[in-house]
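# An overview of the molecular structure
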Amino acid sequence: MVSQKREKSLDVQQMIADKKKKGLGRKAEKIVPVLLFITAAVSVLTTIGIVFTLIFETVEFFRRVSFLEYITGTEWLPFAGDPSYGVLPLVIGTLKVTGIAIIVAVPLGLAVAIYLSEFASDKVRRLIKPILEVLAGVPTIVYGFFALTFVTPMLQKVFPSLEIFNALSPGIIIGIMILPTIASLSEDALSSVPNAMREGAFGLGSTKFEVALKVVLPAALSGVLASIVLAMSRAIGETMIVSLAGGSTPLFNFDVEGSIQTMTAYIVQVSTGDAGYGTTIYYSIYAVGFTLFIFTLMMNLIAGWISKKFREEY
């Protein structure tokens, strides 16, 4: 009888403990969605706050400077006695560096992605993948000093007219910096292509190289193009490399051997204290920042459109 009472007492205690656990579990189920919502709301509100700050300060800039002059002017001389605020030299400098970076990164990135996906063994893939991840983790300021102190002197041996600050050197290094983005995302897209398509092509007598270029790559075109556009967006927004190795001379030309200034480099220059708060030069960094925001937003929208347009359903 005593043992039965003890068993009943233990059963009651166990039931109470289970009920408490269930109560805690139900509370957690109610609390976790709230915490997740707060996290998402903070992200959204932060984005909205940044965008509205850019808009308000940019509007103040355009109260002082003609919008038409800003988008069509070919001289950017904010510190001159008679200042000029034509943003095209900054845009051209940004596009020059981005164009060189894409020329370097796309062929190399696609080559690495195709090799890893179609030709490399598991052992080689396990070796190369971490190296790409390390390359992606190098701080951009290190890339900048590398471009200035190593790449530029080497290029000057090939191009004697190349200035110490130029568009070519930072463009090449930015291309190397975004190479892991293209290689990794493209390799994921290529690897997701079903093996049945490869086997069908092999059955028709295609070589491995033909299968990679004529079957797998077209099937993964959506992911490959999206990776290129996203890498281009990162190249447009790169700051430290162009600030250190590109120079600070906004010129409206397509010369890659001379000093340039990109939109991000100008923002860095003014943010270091070259302009007082409330001045036109101060507000100009918001106008340039908003222009840069439009560029990156367009790149992201294009990447999304490409993914939807060329997506293959399997």
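Up top you'll find the structure we're talking about.
Residues numbered from 1 in each chain as written. Predicted model: local features only at pLDDT ≥ 70, side-chain atom pairs only at ≥ 80, totals over all residues. Heavy atoms only, no water.

### Description of the packing of aromatic side chains
Throughout the structure, instances matching the rule amount to 13 aromatic pairs. Ring centres of phenylalanine 62 and tyrosine 70 lie 5.2 Å apart, and the angle between their planes is 80°; this geometry places the pair in the edge-to-face category. Under the relative-accessibility criterion, phenylalanine 62 is labelled partly exposed at 26%. Look at tyrosine 70 and you get buried, because its relative accessible area is 3%. Consider the rings of tryptophan 76 and tyrosine 266, whose centres lie 5.0 Å apart with planes at 90°: the pair is edge-to-face. Residue tryptophan 76 is found in strand β1 (residues 76-77), and its partner tyrosine 266 is found in helix α11 (residues 263-274); the two are separated by 190 residues along the sequence. Residue classification places tyrosine 266 among the buried residues on the basis of a relative accessible area of 0%. By the ring-pair criterion, three or more aromatic residues cluster together here, those being Phe61, Phe62, Phe67, Tyr70, Trp76, Tyr85 and Tyr266. (Phe/Tyr/Trp six-rings, centres within 6.5 Å; stacked < 30°, edge-to-face > 60°. Buried < 20%, exposed > 50% of the residue type's maximum accessible area, 1.4 Å probe, protein only. Helix = DSSP H or I, 4+ residues; strand = E, 2+ residues; numbered from the N terminus.)

### What to know about the pattern of salt bridges
Enumeration over the complete set of coordinates arrives at five salt bridges. Across the salt bridge formed by arginine 63 and glutamate 60, the nearest N and O atoms sit 3.2 Å from each other. Here arginine 63 pairs with glutamate 60, and both are found in helix α1 (residues 2-64), just three residues apart, close to one helical turn. Judged by relative accessible area, arginine 63 falls into the exposed class, the value being 64%. When salt bridges with common partners are traced through the structure, they connect Glu60, Arg63 and Arg64 into a single cluster. (Salt bridge = Lys/Arg side-chain N within 4 Å of Asp/Glu carboxyl O.)

### Some points on a nonpolar patch on the surface
Nonpolar side chains collect at one region of the surface, where Val44, Leu45, Ile48, Phe52, Ile55, Phe56 and Val59 lie side by side and expose about 630 Å² of accessible area between them. Relative to the helices and strands, leucine 45 resides in helix α1. (Patch = residues over 30% accessible without salt bridge, like charges linked within 9 Å, V, L, I, M, F, W, Y side chains within 5 Å. Areas by Shrake-Rupley, 256 points an atom, 1.4 Å probe, with all protein chains shown as cover.)

### Remarks on the nonpolar core
Core analysis: the largest hydrophobic core is formed by 42 residues, its most contacted members being Ile174, Ile178 and Leu190. Mapped by element, the contributors of at least two residues to this core are α3 (88-119), α5 (140-158), α6 (168-191), α8 (208-219), α9 (221-236) and α10 (240-245). Broken down by element, the residue count for this core peaks at nine residues, all from α3. (Core = buried A, V, L, I, M, F, W, Y, C linked by side-chain atoms within 4.5 Å.)

Functional significance is not addressed by these values, which are geometric in nature.
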